[in-house]
Amino acid sequence: MNNNQLKNQHLWWRAGFGPPADQVELLSKEKPETLFHSILKASDKKPDFFDVADPVLKQKVMESQSAGPGKYLRLKQGDRQMFRKQSVQDIFKLNIRWIQEMTGSPAQLLEKMSLFWHGHFAAKTVNILYDQELLSVIRMHALGNFRDLLLNVGKTAAMIRFLNNNQNKKGHPNENFARELMELFTIGRGHYTETDIKESARAFTGWGANLQGDFNFRPGQHDEGIKSFFGKTGNLSGEDILEILLEQKQTAIFITRKIYRFFINENADEEKVNVLASRFYESGYDIRDLMIRIFTSSWFYDPENIGIQIKSPVLWMVGMRRQLPMELGNPALLLVLERLLGQVLFSPPNVAGWPGGKQWIDSSSLMLRMQVPGMIYRSQALVSHPKEDDDVMMGRSSHMPLFQTQIQWGDYIKNFNNTEEPAIYAAVSNLLLQKSPPLNEKDLIPYIDESTRERRIQSITIRLMSTPEYQLC
Amino acid sequence: MLINRRKFLHLSSLATGTCMLPKFLKAFEGPVQGMGGNKVLVILQLSGGNDGLNTVIPVRNDIYYRERPGLSIPKEKTLSLDSEAGLHPALIHLKTLYDEGNLSILNNVGYPNPDRSHFRSMDIWQTASNSNEYLNSGWLGRYLDAQCVDCSRPTQVLEMDDSLSLALSGEKMKGIALRDPKRLYETSRDPFYKDLVRVGLLEPVDDPASYLYKVMAETLSGANYIFEQSNMRPVTRIYPDTEIGKNLKTIASLIASDINTRVYYVSLGSFDTHVAQQAKQEKLFRDLNDAIKPFTEDLKSNQRFEDVLMISFSEFGRRVGENGSGGTDHGTANNMFLISGGLRNKGILNEMPDLSKLTEGDLNQQLDFKQVYATVLKKWLLTDDLKILGRQYGYLNFI
């Protein structure tokens, strides 16, 4: 394969969701640095806010009543169930809206980075307004400053409710947020003590959020006493705790290592992590700068980093649609696949996010991934049923959509208009796979429809998408 | 005697089975003999949080009747277990099992600092973690890791579903999920997959794709093996045409065969009865009852009932007080059914819930569910529970 093409595809898969069908010709010509800067430039745009919440739901929230002085606003009894039901539907819409953005937006790095933070700041709520807000904060700061991101995420209603900070009160601290903040969001296990958790939980007392999702600080519930945290003593506030954690270089190391494992290689090269982390720390946590360092380094393109990552279900799904444009008859298919394959957006397995890597693959998920391209091609029905999710289903059952997806072959096949007949297999394989399969063209002959040139390209494509290698990038 | 005959059948069936397999898979057909006896565990997951108080009803408890003016089940309608407790009226066959000494009940099972979110609490039960830790592997997956060192197919642990639960996902190995042995077999028969595996398995083991090829080869080999076994001695009793009926039928026929499966995992739901609980729970219990009847009868006629232990669990119980919609909301501690022909302690094994001592309207846990796991791992599956659970828990005496 042309070395440039492999590198550019590597960049597209890691800094985005795979190469787009309409730029195939550029893959072998463009220099990776040039491509990266164009992806970066496209990602510098301020992201649009996704507003999919039902207007009636929003109206109900506006009309919510205070249960008494100093109490939170509450929905009326009869409205609560409607709110929950509608939220579940709207969260599905938000899921599909975001997938659509990942698939079509030129701001690939921004959306990929946001997906990373979505797993890092994992929260699950049954409130569409909270989910919209958290995603918006994440997309707004995804390539900005980690300090801003951390502070703003910590003050979202989603995180406050999810990690029980609204129940964190003077005299009755709830340590959930403080614990996850250190274990998962900043410095990581082994770098703090139980006393640190207790002291910092007191600092976050009084942080709350209302039904609309606005942060509100309740001074009456805040513990004004003296706290000691990482060598600092005083009447520390929640903001002080976050600042102190950011002062710890370990936070930069922890975040950088996680980014390295997500974007480059699950087996982190500690030497490189440390160099990157020092720079990240010195830059005052400039995420964009960190990503530039990564994607413009020469080691990013080392063979040991190419074709070795197991695609997440979202990356697999979005990447397939970017390479092979298709019209989804029923977008609910995306949700069914997310469920069956184990990555439902806005529904992480727990606050630690998706573990990723080999955890994506078991016998059912691997076989399904390998069957789906053929099912779409042959318009077969999907017969697998996902497990129900009681947190959102509330005991109701879901029904299954079928594949009614139309592949838009025209846009794809024209990429091979100038390919000589004998070179077609190699051209398709090079485009689709970052790691060549041990299966060669000869082995594939019984499975190829040779009736026309078009059919030949189609069947090679579908078969190569049905290989274990297609699960890698 | 029985074991010897079974062992013989087992080895002979393996020999014929192997002959039918394509050559390339033979490398994957190591001995399938299970280690550690011939006991089988069936986990029945009641998804959604089953209301334990309306399952095993405290028929002499005034607080129960006071807190549930609309939902409580009158004493005379329950199936009487003892002076204190009655079973939900739909669980007729379970009452028979109880009377025979083949069903025991554990009350107040839970864990400290309970979480009321379905997914988090289910995670805790499936991974056997504490409520403040997050594990990426399930307890039965870790059992598989311990059991299936260098083994060819992870069929020791099977789930009757289209996707695999975290419970069966180990650090190294993962169990197989299937809804129907025939469907899995037909999928796996695609010659394209066989061709892929044939060449793929030749890849060096440090290659990133080799893990995928390994999973694929295990799946193909497992699919073939499971299908073959499921046809070996099909069960003849009539099972209801429900998901749970079909699943228990598959499990019964696999248990009757010589498969090396030690653990089956099956779910029923949803028990998340916030609204109109009475009818929903009754329907689910009827489905459960009607499926368990032929299942236990088949086990008995195949003389396997003493070797099979079925345990039920739910991610949490429900609140003591009913809500305003004819339902109940998420609670904490719950009861578990233990069904087997080989129970040592019979009946209701510990105190009924104390409704006068609640924490914020919820039952207090008395037993940690991990004690049940430890007991089952140690005494039934004869394996090292400490290695799988990471901590030592006190054993119970029901087996």
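Worth saying up front: this structure is predicted, and the values here are computed from it rather than measured. (Residues numbered from 1 in each chain as written. Chains lettered and ligands numbered in written order. Predicted model: local features only at pLDDT ≥ 70, side-chain atom pairs only at ≥ 80, totals over all residues.)

### A closer look at the overall build of chain A
As a reminder, the rule being used: Only DSSP runs of H or I reaching four residues or more are called helices, and only runs of E reaching two or more are called strands; each is numbered from the N terminus. Put simply, the radius of gyration uses C-alpha atoms, and a globule should come to 2.2 Å times the residue count raised to 0.38. Whether two residues are in contact depends on their C-beta atoms, placed from the backbone: they are in contact if these lie within 7 Å.
Counting secondary structure elements, chain A contains 23 helices and eight strands. For a compact globule of 473 residues, the expected C-alpha radius of gyration is about 23 Å, and chain A comes in at 24 Å, within 12% of that figure. Projecting the C-alpha coordinates of chain A onto the three principal axes gives extents of approximately 80 × 55 × 40 Å. Residue pairs in contact within chain A that sit at least 24 positions apart in sequence constitute 73% of those at least 6 positions apart.

### Quick word on the nonpolar core
All names here are of chain B. Selection criterion: One nonpolar core equals one set of buried Ala, Val, Leu, Ile, Met, Phe, Trp, Tyr and Cys residues connected by C-beta atoms within 7 Å. Our exposure labels follow a C-beta count within 10 Å of each residue's own C-beta, placed from the backbone: buried means 20 or more other C-beta atoms, exposed means 12 or fewer, and partly exposed covers the counts in between.
With 238 residues, the main nonpolar core has V42 and I311 as its most contacted residues. By residue number, the principal contributor to this core is helix α9 (residues 208–230), which donates 11 residues. With residues up to four places along the chain from it excluded, the contact list for I311 reads I43, L44, M336, F337, L338 and V372.

### Focus: the domain arrangement of chain A
All names here are of chain A. For clarity, the threshold we go by: Boundaries of every domain are those given by an automatic assignment or by a domain database. Charged means Asp, Glu, Lys or Arg here, nonpolar means Ala, Val, Leu, Ile, Met, Phe, Trp, Tyr, Cys or Pro, and polar covers whatever is left, Gly included.
Split into domains, chain A comes out as domain 1 (55–247), domain 2 (248–305) and domain 3 (309–471). Here domain 1 and domain 2 have C-alpha centroids that lie 26 Å from each other. Each partner contributes to the interface: domain 1 provides 17 residues, whereas domain 2 provides 14 residues. Looking at the side of domain 1 that touches domain 2 element by element, the count peaks at four residues for helix α6 (residues 108–120). The residue inventory of the side of domain 1 that touches domain 2, partitioned by class, reads nine nonpolar, six polar and two charged.

### Some words on helix α12 (residues 369–380) of chain B
Residue and element names in this part refer to chain B. Applied cut-off: Under the convention used throughout, the expected extent of a helix is 1.5 Å for every residue step, that is, one less than its residue count.
In this model, α12 (12 residues) spans 16 Å end to end at C-alpha, consistent with the 16 Å of a helix rising 1.5 Å per residue. Among the 12 residues in α12, nine count as buried, and that is most of the element. Among the residues of α12, those classed as buried are F369, K370, V372, Y373, A374, T375, V376, L377 and W380. In the stretch just after α12, L382 is the one whose phi turns positive, near 50°.

### Description of the environment of A332(A)
All names here are of chain A. On the secondary structure map, A332 appears in helix α17 (residues 332–341). For A332, a count of 15 C-beta atoms within 10 Å puts it in the partly exposed group. Put simply, A332 and T205 are 127 residues apart on the chain and 41 Å apart in space, counted from C-alpha to C-alpha.

### Let's talk about the environment of V56(B)
All names here are of chain B. Its place among the elements puts V56 in strand β2 (residues 56–58). With 51 residues separating them in the primary sequence, V56 and N107 have C-alpha atoms 8.9 Å apart. Apart from residues no more than four positions distant in its own chain, V56 is found in contact with A85, L87, I105 and N335.

### Re the packing of helix α18 (residues 363–377) of chain A against α9(B)
To keep things clear, this is the line we draw: Here, axes are lines fitted to C-alpha atoms. For helices the fit covers the stretch in contact, and angles between N-to-C directions go from 0 to 180 degrees. An angle below 35 degrees is treated as roughly parallel, one above 145 as roughly antiparallel, one from 65 to 115 as roughly perpendicular, and anything else as oblique.
Where α18(A) contacts α9(B), the two axes come as close as 9 Å, and the packing angle between them is 100°. The angle between the axes of α18(A) and α9(B) places the two elements in the roughly perpendicular class. Every residue of α9(B) that contacts α18(A) at S363(A), L366(A) and M367(A) is listed here: L212(B), V215(B), M216(B), E218(B), T219(B) and G222(B). Across the contact of α18(A) with α9(B), the residue classes break down as five nonpolar, three polar and one charged.

### Considering the packing of helix α1 (residues 3–15) of chain A against helix α3 (residues 32–43) of chain A
Residue and element names in this part refer to chain A. Under the convention used in this document: Should the near helix be turned counterclockwise from the far one by less than a right angle, the crossing is left-handed, whereas a clockwise turn marks it as right-handed.
The interhelical angle for the contact between α1 and α3, taken along N-to-C directions, is 25°, at an axis separation of 9 Å. In terms of orientation, α1 and α3 fall into the roughly parallel class. As for how α1 packs across α3, the hand of that crossing is right-handed. On α3, the residues that touch K7, N8, L11 and A15 of α1 are P32, L35, F36 and I39.

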